[in-house]
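If you want the building blocks of each chain, they are given just below.
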Amino acid sequence: NNQLDCYRDMVWFSPACRRRSNTSQCVPVMVQYEYHVMLQLSFFLDFPVALVKFRDGSSAFDQVYYDVVRGGNFVFGWFKPDDNLLATDNVPVRVRMPDPNGYEQAQGKYATGLVDMNPRNYMWRYLPSVDKHVSFLASKLDFFDQDVQEFMAQSNVLKTSGMPSREAMFQVACNWLKGNEQTWFPWIPSICPEGFYGDSTLLSCLSCPAGWFCPGGTANATICPVGFFCPENSTQAIQCPNKKITSMYGASSSHGCDTCPSNFVLMGNECEHISIFIVVVLIPFILLAVLLLMYFRKFQGRLQVQEDKDLIEMISDLRKRLHIQLKDGYALSTERLGMRMARSQLKVIAKRSMEAAARLSIFQDDFDEHFFDSFCMCLLQRGSEADVGDSEQYHNLCDWLLEQCRILLLHSNHTQDLERRLEQVGSTVPHWDSLLSSCMQRVLGWFMTGEQRNKLLQMRLEKIRNLSKEERYLFFKTKVTNIKLWKDDITLFRRLQLLAQQLMADLVKSCEQRFNEMVNKEHGAVLVVYAPHIPGVQSDVEGRRSWQDYSSTFMEQNRHVTLSMERQDTVGAVRYGEREKSDARTDWEQMVKEGALECLDEEIFVVQLNTRSRILNDGFHRAVMDVLLSHCTGLDALTSSSSRETRPVEETVVHELRCIFREGPGNVKVHLARVKSVSRMREKLREYAPPNPKGTWPLCCNILDPVRLCLVCQGPSHMVQVAEWFEASSSSV
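**Q** How would you sum up the overall build of the protein? Please name residues and give values.
**A** The helix and strand tally for the protein stands at 26 helices and 20 strands. Across the 733 residues that make up the protein, the buried fraction comes to 34%. Within the protein, counting contacts between residues at least 6 apart in sequence, those at least 24 apart form 56% of the total.

In structure tokens, the structure reads:
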């Protein structure tokens, strides 16, 4: 390469060789690789060598190198294991070099011998997820250096006798396998018959569960696809009869074939193409619907009038309950008065305000809280200013409003609980029957028998009475909480708080009962062992007037708060230095001096915590999913189909996995929550403000769940096994 001074452009003489008067007395050295190493060794060790490099990248030139080495007495470079120079009568002798200096060699200086590289088994990190059986064999494969050298020697003997290189290697390996079965047999994973699959250790075969099929051999159990069913010990999936398909993966019998594919409809017990359905069923049905619509329009006006009558009846019932009738001194704006009554002597309630109260009593979606505020003001002010809020009608309104809130906030969906509460409201409950019967009988009475009509009306009534707790809570959150009366009457608001606390106490009892039921199930006691022991927070909750009461252990050694969990500053997620501590202490002491105690500005720490959480979040989710996917299949998103870049920050993605448990297959749902937002972290700061026992600076260090997810299992046994997967994993989850 024109960078070295070589004799005839082929031989390089070391400095020690050049100092000799006769260079033919120098030691010849033949090398193929590591040419720069040999140059430095010759210089630093002052070897008088004549260095020749044999290498052009072709196998033919490699053979020239070995022929030259065998034909004379030379110093040469050689890599092991290699069978080319292992002749039975002439084994190479190693030249002893100074002990390796790894520090110098890392800097490119080679004045010592190279480090020996001992053979090891290396495996692709993702091989277990691609083929567990090949991974099993690769991890078990084990040879001593002496074994490898023996293989090389046998191979050289065969090659010397004229056998091609590849055939020689195959022959040596084949002979070893035939004579060492007791050594390599434990390296082989389980090879299962049809209808069975290897367990997680690949040491034994398990019977194929229902809903899965097992081809046998080294194949894993495969969940039955849509459109097929798989009984126990299935070797392949069985297609559904009658052109049907299954509604989900993992059907175990033909009973799961209950759905028709797209463009097909169920007619009798067989799926037929939609074109047949249109001709036979849909066209006659459309003609009948048109006739019914024409007939219904004739009674549309009468039905609208009947709905108004029903609302008037509801208003009448509510006026009786709240004592706001004419005899009580109240009148509606559209109500006709007797000749002896003067409107100036009555408290007039606007019709739309009264209608809003009636709609609230039956939880109608068109309830208008602004008109209801006007209704409350009419009952709040009665007579002189001294009577404000003291009238019987106002107290009845408060009791009725709280009872409506109780019904909306009940966490139970049982019919008995709601009916008992509805009966306590008063005469509004039986009115629901009349509301349904009077309105719907006009629509259905001409086409149904009396028994059919009563059955449909009863079903409709039950639907209204059994609104789901989510629907009831949504009505309370979006409608009832906007009523202005909660802000005007602090006593009423406190009664609502006590009501909510009572309902929460009932919910706590229900949760404790559920927990006890889980503990009493199989493996339930093991769950208690996994539950962390969290002692109570010990704190002096008196007023925090000194900086020591507001600072953390990193800032003051005499903090008055002992917490059971590590804060974000102790794990390095929130960091601050002496300057931040000094500024915070100065600001706090100034606020104490002025008598205006507030939370210190922690925006910089909130941004720190949010940023580090986003960095950690994806890796944390991947690590958890890697552990689960080593035992599960079927990664399907159930909640969100949007990409990570387009979905909202607070949206949670739910995946459902099909996992293999000791009892058989089961589902595990993984709720991958997004990082807690900066705005939500700011809200949490107000919760930890003094005199909260966790009110220690910085407050954001108490936010322990910025990165989170949730695993939902089917019972205590599955929960324990999932926990064992994570304990056995080498992941850093």
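Further notes follow.
**Q** How would you summarise the packing of aromatic side chains if you had to cite specific residues and measurements?
**A** For the structure on display, the rule yields 19 aromatic pairs. Residues Phe143 and Phe151 carry aromatic rings whose centres are separated by 5.4 Å and whose planes lie at 80 degrees to one another, so their mutual orientation is edge-to-face. Take Phe143: its relative accessible area is 30%, and that puts it in the partly exposed class. For Phe151, a relative accessible area of 18% puts it in the buried group. Look at Phe661 and Trp725: their rings are 5.3 Å apart centre to centre, the planes differ by 15 degrees, and that puts the pair in the stacked class. With a gap of 64 residues between them, Phe661 in strand β18 (residues 653-661) and Trp725 in helix α26 (residues 716-728) connect regions that are remote in the sequence. By the burial criterion, Phe661 is buried, and Trp725 matches it. Chaining the aromatic ring pairs together yields one cluster made of Phe367, Phe372, Phe375, Trp400 and Phe475.

**Q** Please provide a residue-by-residue account of unusual backbone geometry, values included.
**A** Backbone geometry places Asp9, a non-glycine residue, at a positive phi of 60 degrees. Along the chain, Asp9 turns up in the segment before β1 (11-13). At Asn263, a residue that is not glycine, the phi angle is positive and equals roughly 70 degrees. With respect to the helices and strands, Asn263 occurs in the loop between β10 (238-239) and β11 (264-267).

**Q** Residue-level account of the pattern of salt bridges, with values.
**A** Scanning the entire structure with this criterion turns up 19 salt bridges. The salt bridge involving Arg495 is made with Asp399; its shortest N-O contact spans 2.9 Å. You can see Arg495 sitting in helix α20 (residues 490-520) and its partner Asp399 sitting in helix α14 (residues 392-409), a full 96 residues away along the chain. The class for Asp399 is partly exposed, based on a relative accessible area of 39%. The salt bridge involving Arg585 is made with Glu589; its shortest N-O contact spans 3.2 Å. Of this pair, Arg585 and Glu589 both sit in helix α23 (residues 578-594), four residues apart, roughly one helical turn.

**Q** Describe helix α18 (residues 469-478), listing the residues and the values that go with them.
**A** Turning to α18, its buried residues are Arg472, Phe475 and Phe476. Taken down its axis, α18 places every buried residue within 100 degrees of arc, on the same side.

**Q** Can you tell me about the sheet that holds β1, naming the residues and giving the values?
**A** Sheet strands pair via backbone hydrogen bonds, and the direction of the pair is either parallel or antiparallel. Across the sheet, which stays open at both edges, the four strands sit in the order β1-β3-β2-β4 with mixed pairing between neighbours. The open sheet has two edge strands with one neighbour each: β1 and β4 (75-76). In terms of strand pairing, strand β2 (residues 27-31) meets strand β3 (residues 49-53) through five bridges, oriented parallel. Paired with Met30 across the strands is Val52, a residue of β3. Packed onto the sheet, helix α2 (residues 35-44) meets β1, β2 and β3 and runs at close to 175 degrees relative to β3.

**Q** Go over the packing of helix α12 (residues 351-361) against α14 with me, naming the residues and quoting the values.
**A** Interaxial distance between α12 and α14 falls to 10 Å at its minimum, and their mutual angle equals 40 degrees. Contact with α12, carried on its side by Ala357, Leu360 and Ser361, involves Trp400, Leu401 and Gln404 of α14 and no other residues of that element. In terms of residue class, the contact of α12 with α14 is built from four nonpolar, two polar and no charged.

**Q** Please set out the environment of Glu150 residue by residue, giving values where relevant.
**A** Position of Glu150 among the secondary structure elements: in helix α7 (residues 145-160). Accessibility expressed as a relative area gives 43% for Glu150, which makes it partly exposed.

**Q** Which residues make up the environment of Arg319, and what are the values?
**A** Following the sequence through the fold, Arg319 ends up in helix α11 (residues 300-322). On the accessibility criterion, Arg319 (8% relative accessible area) is buried. The spatial distance from the C-alpha of Arg319 to the C-alpha of Ala331 is 9.8 Å, given a sequence separation of 12 residues. With residues up to four places along the chain from it excluded, the contact list for Arg319 reads Ile324, Gln325, Leu326, Tyr330, Ala331, Leu332, Glu335 and Met354. There is a polar contact of 3.2 Å between the side chain of Arg319 and the side chain of Glu335.

**Q** I'd like a rundown of the nonpolar core, residues and numbers included.
**A** Core analysis: the largest hydrophobic core is formed by 43 residues, its most contacted members being Phe372 and Phe375. Elements represented by at least two residues in this core include exactly α11, β13 (330-332), α12, α13 (369-380), α14, α18, α19 (485-488) and α20. Sorting elements by how many residues they give to this core places α14 first, with nine residues. By size, the runner-up hydrophobic cluster in this structure holds 19 residues, among which are Leu600, Leu685, Cys700 and Cys701.

About the criteria used
- Counting starts from 1 at the beginning of each chain's written sequence and moves along it residue by residue.
- In keeping with the predicted nature of the model, local features appear solely for residues at pLDDT of at least 70, side-chain atom pairs appear and are counted solely at 80 or more, and the whole-chain, interface and lining totals rest on all residues.
- The basis for every side-chain value is the complete set of non-hydrogen atoms in the structure, without hydrogens or water.
- Strands are runs of DSSP state E lasting at least two residues, helices are runs of H or I lasting at least four, and both sets are numbered from the N terminus onward.
- Three exposure classes are used, based on accessible area relative to the maximum for each residue type with a 1.4 Å probe and protein chains only: buried under 20%, partly exposed in between, and exposed over 50%.
- Only heavy atoms matter for contacts: two residues are in contact if any of them lie within 4.5 Å across the pair.
- For this analysis, a ring pair means two rings from Phe, Tyr or Trp (six-membered ring only for Trp) whose centres lie within 6.5 Å, classed as stacked if their planes differ by under 30 degrees, edge-to-face if by over 60, and tilted for the remaining angles.
- Salt bridge, as used here: a side-chain nitrogen of Lys or Arg that lies within 4 Å of a carboxyl oxygen of Asp or Glu.
- It is the directions from the helix axis to the C-beta atoms whose arc is reported.
- Between any two strands, at least two bridges found by DSSP are needed for them to pair.
- Axes here refer to lines fitted to C-alpha atoms; in helices the fit is confined to the stretch in contact. Angles between the N-to-C directions go from 0 to 180 degrees.
- Amino acids outside the nonpolar list (Ala, Val, Leu, Ile, Met, Phe, Trp, Tyr, Cys, Pro) and the charged list (Asp, Glu, Lys, Arg) are all regarded as polar, and Gly is one of them.
- Residues adjacent in sequence count toward polar contacts only when both atoms are side-chain atoms; beyond that, a polar contact is any pair of N or O atoms within 3.5 Å, and within protein one must be able to donate a hydrogen and the other to accept it.
- Nonpolar core, defined: a set of buried Ala, Val, Leu, Ile, Met, Phe, Trp, Tyr and Cys residues in which side-chain atoms within 4.5 Å join the residues together.

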